[in-house]
Amino acid sequence: MTQPRYYFTGDNDKVNLDFGNLGFDYHPCPYRFEAVYELGVWRARGVVEETAMTLPEGSQCLHYGQQLFEGMKVHTGADGKVYAFRPAENANRMNEGARYLQGPEVPVDLFIRGVEEVTRANLPYVPPYGSGASLYVRPFYLGIGDNVGVKPASKYVFRIFVTPVGPYFNGGFGPDQGKSFRISEFDRAAPYGTGHIKAGGNYACSFKPCAEAKQEGFAEAIYLDPKEHRYIEEIGAANFLAFKGESLITPDSHSVLPSITRRSLLRIAREIYSWPVEERLIDKAELDEIDAAAACGTAAVITWIREVADGEKTWSFPFDQRWQQLYDSLVGIQTAAIDDPFGWRHEIK
Ligand code: PLP
Ligand code: COI
């Protein structure tokens, strides 16, 4: 790691945070990265200090939800280097969203440069190897301007902040850390709407189902397909995985966010473990035949599902050692504890 040209003196010592006991909370870091799009070009402002943003009151992101965000993680490796995990995939997914919301794409190079610069700038906040924590990277995209009409903005802000985080669900991963989830009667996305992009509006409408699940003691809501309320879709901000016999199965749906963690785990399952993998509809009734279930995502990593409740009915699932294998491979690759046969680690030099 080259010494950042930013603004800490002395060694790259870590800040005095209890990295081993962080939850998924916002700890402000000193620097963020920002770029602005106007008149057809992106202009990188680079690393800036202000957490507060000043936006025109008519901005499309404020009124009409022309907004996107991403989530990815940076880890300190076993070799002491600092790595982002598949950042180009996040850039591509954000650009899928930008095309849908009729805004300009963020050049992948600019996106990755932003991730690198903001990480380097905040190096003392990158959790050390072995702490179990990581630096959560939150790129986001806003349509802004003086406007009142329902139309896309002509000006955009792309910004990335970072914050050191621990597990998304309390306790993280482990055979004694199974979580219970409740099937919601509400939807987070329309059948052919915006479920497949990471638009903020998909999350505002998940607050109510999530709050209801939590009031009843569950960790999160599980969504069914919005057309028939029959097939399993996803779990809060995570995708659904299950083992049925030998096979790793996961829902195939337009309204599910295409998870980069899920894609990575399916590839590990196929190519490292030679397990059969099926992306297909999963009828809720099939929960009767499933051997093990889990949620996966950048924040959730892999969280094994101990219980799914649907009204009065409850399904219980044991911890399956295969979750441990998938977890060890994924986190091992992310943290350079094992080889990276897929070229997923992106070293931040
Ligand atoms: N599903 C939703 C709705 C999410 O917000 C996320 C988080 O990004 C995921 C799934 C998991 O996706 P990824 O593995 O790319 O983080
Ligand atoms: C992620 O896993 O990166 C997410 O975006 C989850 C959540 C914090 C919205």
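Residues numbered from 1 in each chain as written. Chains lettered and ligands numbered in written order. Predicted model: local features only at pLDDT ≥ 70, side-chain atom pairs only at ≥ 80, totals over all residues. Heavy atoms only, no water.

J.: Please set out the site of ligand 2 residue by residue, giving values where relevant.
T.: Near ligand 2, the surroundings consist of Phe 24, Phe 69, Gly 71, Tyr 136, Arg 138, Tyr 168, Lys 198, Ala 237, Thr 298 and Ala 299. Within the side chain of Lys 198, an N or O atom sits 2.7 Å from an oxygen atom of ligand 2. A per-class count over the shell around ligand 2 returns 6 nonpolar, 2 polar and 2 charged. (Near = heavy atom within 4 Å. Polar contact = N/O pair within 3.5 Å; in protein donor to acceptor, adjacent residues only side chain to side chain. Nonpolar A, V, L, I, M, F, W, Y, C, P; charged D, E, K, R; others polar.)

J.: So what about the site of ligand 1? Which residues, and what values?
T.: Near ligand 1 you find 15 residues, and of these Tyr 203, Glu 234, Ser 259, Thr 261 and Thr 298 are the closest. The separation between an oxygen atom of ligand 1 and a polar side-chain atom of Ser 259 is 2.6 Å. One of the side-chain N or O atoms of Thr 298 is found 2.5 Å from an oxygen atom in ligand 1. Coverage of ligand 1 by the protein chains reaches 97% of its 380 Å² of free accessible surface. Looking at the shell around ligand 1, the elements with two or more residues in it are strand E11 (238-244) and helix H6 (260-272). Split into classes, the residues belonging to the shell around ligand 1 amount to 5 nonpolar, 6 polar and 4 charged. (Areas by Shrake-Rupley, 256 points an atom, 1.4 Å probe, with all protein chains shown as cover. Helix = DSSP H or I, 4+ residues; strand = E, 2+ residues; numbered from the N terminus.)

J.: Got a sec to walk through the nonpolar core? Specific residues and values, please.
T.: Membership of the largest hydrophobic core comes to 33 residues, with the highest contact counts inside it found for Trp 42 and Phe 158. Contributions of two or more residues to this core are made by strand E1 (32-38), strand E4 (72-76), strand E5 (82-85), helix H2 (87-100), helix H3 (108-121), strand E6 (134-144) and strand E7 (155-165). Filtering out sequence-adjacent residues up to four positions away, Trp 42 remains in contact with Ala 35, Val 36, Tyr 37, Pro 104, Glu 105, Val 106, Pro 107, Leu 110, Tyr 141, Tyr 156, Val 157 and Phe 158. The next biggest cluster of nonpolar side chains, apart from the first, holds 25 residues, and it includes Ala 292, Trp 304, Trp 323 and Leu 326. (Core = buried A, V, L, I, M, F, W, Y, C linked by side-chain atoms within 4.5 Å. Buried < 20%, exposed > 50% of the residue type's maximum accessible area, 1.4 Å probe, protein only. Contact = heavy atoms within 4.5 Å.)

J.: Outline the packing of aromatic side chains, supporting the account with residue identities and numerical values.
T.: Scanning the entire structure with this criterion turns up 20 aromatic pairs. Ring centres of Trp 42 and Tyr 141 lie 6.5 Å apart, and the angle between their planes is 50 degrees; this geometry places the pair in the tilted category. A residue pair is termed long-range when its members are at least 10 positions apart, and Trp 42 in strand E2 (residues 41-48) and Tyr 141 in strand E6 qualify at 99 residues. With respect to class, Trp 42 is no different from Tyr 141; both count as buried. Look at Trp 304 and Phe 319: their rings are 5.6 Å apart centre to centre, the planes differ by 70 degrees, and that puts the pair in the edge-to-face class. One end of the pair, Trp 304, is in strand E15 (residues 301-310); the other, Phe 319, is in the loop between strand E16 (313-316) and helix H7 (321-334), with 15 residues separating them in the sequence. Comparing Trp 304 with Phe 319, the two get one shared label, buried. These aromatic residues form a ring-pair network of at least three members: Phe 24, Tyr 136, Tyr 168, Phe 169 and Phe 181. (Phe/Tyr/Trp six-rings, centres within 6.5 Å; stacked < 30°, edge-to-face > 60°.)

J.: Could you give an account of the environment of Asp 225, naming the residues involved and the relevant values?
T.: For Asp 225, the position within the fold is in the loop between strand E9 (220-224) and strand E10 (232-235). Between the C-alpha atoms of Asp 225 and Glu 307, which are 82 residues apart in sequence, the distance is 20 Å. Among all residues touching Asp 225, those that are not within four sequence positions of it are Arg 230, Tyr 231 and Glu 233. For Asp 225, the side chain forms a polar contact with the main-chain nitrogen of Lys 227, separated by 3.1 Å.

J.: Tell me about the pairing of E1, and name the residues and values.
T.: Judged by how many residues are buried, E1 sits mostly within the fold: 6 of 7 residues are covered. Of the strand pairs in this sheet, E1 and E2 are connected by 7 bridges, and their pairing is antiparallel. Bridging from a neighbouring strand, Tyr 37 pairs with Trp 42 of E2. Taking the residues between adjacent antiparallel strands as the criterion, E1 and E2 are bridged by 2 residues, where Leu 39 takes a positive phi near 50 degrees. (Pairing = 2+ DSSP bridges.)

J.: Account for helix H5 (residues 207-215), with residues named and values stated.
T.: Within the sequence span of H5, burial applies to Pro 209, Cys 210, Glu 212 and Ala 213. Mapping the buried residues of H5 onto a view down its axis gives an arc of 160 degrees, with all of them on the same face. Opposite its buried face, H5 presents the exposed residues Phe 207 and Gln 215, each directed more than 90 degrees away. On its buried face, H5 is in contact with strand E8 (179-183) and E9. Of the residues one or two after H5, Gly 217 is the one with positive phi, at around 90 degrees. (Arc of directions from axis to C-beta.)

J.: Go over the side chain of Ser 59 with me, naming the residues and quoting the values.
T.: Summarising the element assignment, Ser 59 is placed in the loop between E2 and helix H1 (60-63). Discounting residues that sit within four places of it in the chain, Ser 59 has contacts with Gly 143, Ile 144 and Gly 145.

J.: Please provide a residue-by-residue account of the pairing of strand E12 (residues 247-251), values included.
T.: E12 sits mainly inside the fold: 5 of its 5 residues count as buried. Across the two faces of E12 the burial is the same, with Ser 247, Ile 249 and Pro 251 and Leu 248 and Thr 250 all buried. Both E11 and E12 contribute to a ladder of 3 bridges, which runs antiparallel. Paired with Lys 244 across the strands is Ser 247, a residue of E12. Where E11 folds back onto E12 in an antiparallel hairpin, the turn is made up of 2 residues, including Gly 245, whose phi is positive at roughly 60 degrees.

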